[in-house]
Amino acid sequence: MSKLTTEERNALPDDAFALPGRRYPIPDASHARDALARASEMLHKGTLTQDEYDTIHRKAEDVLRRERM
């Protein structure tokens, strides 16, 4: 899992997070892949809604697509 220090996380703009409340940071491909894995786990545990999962998936895929370019 990718690690961000508190300082690094606090320095990220709000649009670097997949969900409101600065949840699921996805500033780069590594974090986007981690977010996809964690979101899948949380969806199956019932702690994420399908809409939240879909939002994370869409935004993480956008980050991964940009990183490939």
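Further up the page is the structure itself.
Predicted, not measured: the structure shown is a model, and the values here were computed from it.

Conventions adopted
Residues numbered from 1 in each chain as written. Predicted model: local features only at pLDDT ≥ 70, side-chain atom pairs only at ≥ 80, totals over all residues. Heavy atoms only, no water. Core = buried A, V, L, I, M, F, W, Y, C linked by side-chain atoms within 4.5 Å. Buried < 20%, exposed > 50% of the residue type's maximum accessible area, 1.4 Å probe, protein only. Helix = DSSP H or I, 4+ residues; strand = E, 2+ residues; numbered from the N terminus. Contact = heavy atoms within 4.5 Å. Salt bridge = Lys/Arg side-chain N within 4 Å of Asp/Glu carboxyl O.

Peer 1: What is the right way to look at the nonpolar core in this model?
Peer 2: If you look at soluble globular proteins, the nonpolar side chains tend to sit buried side by side. Counting residues in hydrophobic clusters, the biggest one holds 15 residues, and the most contacted among them are Tyr 24, Ile 26, Ala 32, Ala 39, Leu 48 and Ile 56. The set of elements that each furnish at least two residues to this core consists of β1 (17-19), α2 (29-45) and α3 (50-68). Contact partners of Tyr 24, with chain neighbours within four places excluded, come to Ala 16, Phe 17, Ala 18, Leu 19, Ala 35, Arg 38, Ala 39, Met 42, Leu 48 and Ile 56.

Peer 1: Is there a simple way to think about the pattern of salt bridges in this case?
Peer 2: A side chain with one charge can pair with a side chain of the opposite charge if their charged atoms come near. Tallied over the entire structure, the rule returns 4 salt bridges. A salt bridge links Asp 14 to Arg 22; its shortest N-O distance comes to 2.5 Å. Judged by its relative accessible area of 57%, Asp 14 falls in the exposed class. Overall, the relative accessible area of 25% leaves Arg 22 in the partly exposed class. Close ionic contact of Glu 52 with Arg 23 constitutes a salt bridge, the shortest N to O distance being 3.5 Å.

Peer 1: Is there a simple way to think about unusual backbone geometry in this case?
Peer 2: Residue Arg 22 is not a glycine yet carries a positive backbone phi of 55°. With respect to the helices and strands, the residue Arg 22 is situated in the loop between β1 and β2 (23-25). Even without a glycine there, the phi angle at Tyr 24 is positive, about 60°. Relative to the helices and strands, Tyr 24 resides in strand β2.

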